[in-house]
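Read off the chains here:
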Amino acid sequence: MDFNMKKLASDAGIFFTRAVQFTEEKFGQAEKTELDANFENLLARADSTKNWTERILRQTEVLLQPNPSARVEEFLYEKLDRKVPSRVTNGELLAQYMAEAASELGPTTPYGQTLIQVSEAEKRLGAAERDFIHAASISFLTPLRNFLEGDWKTISKERRLLQNRRLDLDACKARLKKAKAAEAKATCEGDTVPDFQETRPRNYILSASASALWNDEVDKAEQELRVAQTEFDRQAEVTRLLLEGISSTHVNHLRCLHEFVKSQTTYYAQCYRHMLDLQKQLGSSQGAIFPGTFVGTTEPAAPPLSSSSPTNTVATMPVVPSVASMAPPGEAALCLEEVAPPASGTRKARVLYDYEAADSSELALLADELITVYSLPGMDPDWLIGERGNKKGKVPVTYLELLS
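Because the structure is predicted, anything quoted here is derived from the model rather than measured.

Quick look at the overall build of the chain now. Tallying secondary structure elements over the chain gives eight helices and five strands in all. Starting at the N terminus and walking to the C terminus, you meet the elements of the chain as α-α-α-α-α-α-α-α-β-β-β-β-β. Across the 404 residues of the chain, 31% fall into the buried class. Considering only intrachain contacts with a sequence separation of at least 6, the fraction spanning at least 24 residues in the chain is 72%. As presented, the chain carries roughly 25,900 Å² of accessible surface, and 57% of it is formed by carbon and sulfur atoms.

Shown next as structure tokens:
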């Protein structure tokens, strides 16, 4: 019990000394040991890495889970070391509603059949989203959290310890400075020649005693300063090594970022493929339900992912199989010379991307040009007949923006 009280009193004294030194530094009444410029740059770099990692982590969580209540629930489960329950994605929930609506409204009706087709596509989109969220959480979010909850806490702990060592060092410097000043004053007073005619030369004796006491105090302060300097240098080296490890953290985060982009690319490629399949199904169904009507999309199709340079101003699309190659065996190819535009149903379209004709039956396209397009009964819904001047040929719908 006595030992604990002594330790408590010692810790309280150290804390008070540090508080006094810190306060005097803030008011400009005490000198502060400055760290070298390289060390300060390492500290600033580490702080910037921590701040931006937190922001990126929070915004990625918002991207993966826009619902704030769901994010709070997942956070609580993680803090309680419990497994996060499986959650239905919005796409899967929409698919469920559409399937139930088709069952109630009539699965054999055109509307019910379309609801079933769309619900199956939305279900596949929801499954792809679930896989993307899982992959992004494992490959990207988890390493960022590990840095903030592991490496950064260690760095912060060592930085606080370095701050305490610096305060101890500066307090020892201030104590030594005061002791030397008092010693010099006592020495000056002791150099005065005493008057031995006095019966009790008290002043001289007291000055000599004070000088000896201050000599001891200076020796003690110098010893404490050497110890404080050694501890400060050792802690500064430990902290420097941890701060230099931020470069390795950047390399690790770079690798995780590549994994995140890869999983996101896979997710959007799956979504693009699912929606193209759905568009083909709906186009075929629309042609069967409304014969003779114009079949196509009125919205510009998004260009697929490409590995070309972002500075390239000409967008590219994958080559679409021609109508002739997709026709059933034995079916004659469409003879464009014998095709006449319908009396009604022609529209203007703006070309979105350059397209190189695969054969003489197709029409080559240039981005941003305007052409006349129309559909014929029995044509593949992914293709239209395009005319530009006296030239005529098949054109893919995905390369066009249909105008009213």
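Turning to the nonpolar core, a few remarks are in order. One finds Phe132, Phe140 and Leu243 to be the most contacted residues of the largest nonpolar core, which totals 34 residues. Of all the secondary structure elements, the ones that give two or more residues to this core are α2 (37–64), α5 (110–190), α6 (202–244) and α7 (246–289). By residue number, the principal contributor to this core is α5, which donates 16 residues. In this structure Phe132 touches Leu64, Phe260, Ser263, Gln264 and Tyr267, once residues within four positions along its chain are discounted.

What follows deals with the side chain of Ser119. The residue Ser119 is located in helix α5 in this model. In this structure the side chain of Ser119 is engaged in a polar contact, spanning 2.7 Å, whose partner is the backbone oxygen of Ile116. Discounting residues that sit within four places of it in the chain, Ser119 has contacts with Ala95, Met98 and Ala99.

With that settled, the discussion passes to helix α4 (residues 90–105). Think of an α-helix as turning once every 3.6 residues; residues three or four places apart then point the same way. A rise of 1.5 Å per residue sets the reference length of α4, with its 16 residues, at 22 Å; its end C-alpha atoms lie 22 Å apart and thus fit the reference within 8%. For α4, the set of buried residues is Gly91, Glu92, Ala95, Met98 and Ala102. An end-on view of α4 places all buried positions within 120 degrees of arc, on one side of the element. Along α4, the residues that are exposed and aim more than 90 degrees away from the buried face are Asn90 and Glu104. Among the residues trailing α4, Gly106 stands out with phi positive, at a value near 120 degrees.

The next thing to look at is the pairing of strand β1 (residues 347–351). Direction of pairing for β1 relative to strand β2 (residues 370–374): antiparallel, over a ladder of four bridges. Looking across to β2, one finds that Ala349 is bridged to Ile371. Bridging between β1 and strand β5 (residues 400–402) involves three bridges; their strand directions are antiparallel. In the sheet register, Val351 faces β5, and the bridge partner there is Leu400.

This next bit is on the pattern of salt bridges. Within this structure, the stated rule accounts for 12 salt bridges. Put simply, Arg145 and Glu61 hold a salt bridge, and the shortest N to O gap is 2.8 Å. Highlighted residues: Arg145 in helix α5 and Glu61 in helix α2, separated in sequence by 84 residues. Take Glu61: its relative accessible area is 23%, and that puts it in the partly exposed class. Close ionic contact of Arg166 with Asp170 constitutes a salt bridge, the shortest N to O distance being 2.5 Å.

Thresholds applied
- Residues numbered from 1 in each chain as written.
- Predicted model: local features only at pLDDT ≥ 70, side-chain atom pairs only at ≥ 80, totals over all residues.
- Heavy atoms only, no water.
- Helix = DSSP H or I, 4+ residues; strand = E, 2+ residues; numbered from the N terminus.
- Buried < 20%, exposed > 50% of the residue type's maximum accessible area, 1.4 Å probe, protein only.
- Contact = heavy atoms within 4.5 Å.
- Areas by Shrake-Rupley, 256 points an atom, 1.4 Å probe, with all protein chains shown as cover.
- Core = buried A, V, L, I, M, F, W, Y, C linked by side-chain atoms within 4.5 Å.
- Polar contact = N/O pair within 3.5 Å; in protein donor to acceptor, adjacent residues only side chain to side chain.
- Expected span 1.5 Å × (residues − 1).
- Arc of directions from axis to C-beta.
- Pairing = 2+ DSSP bridges.
- Salt bridge = Lys/Arg side-chain N within 4 Å of Asp/Glu carboxyl O.

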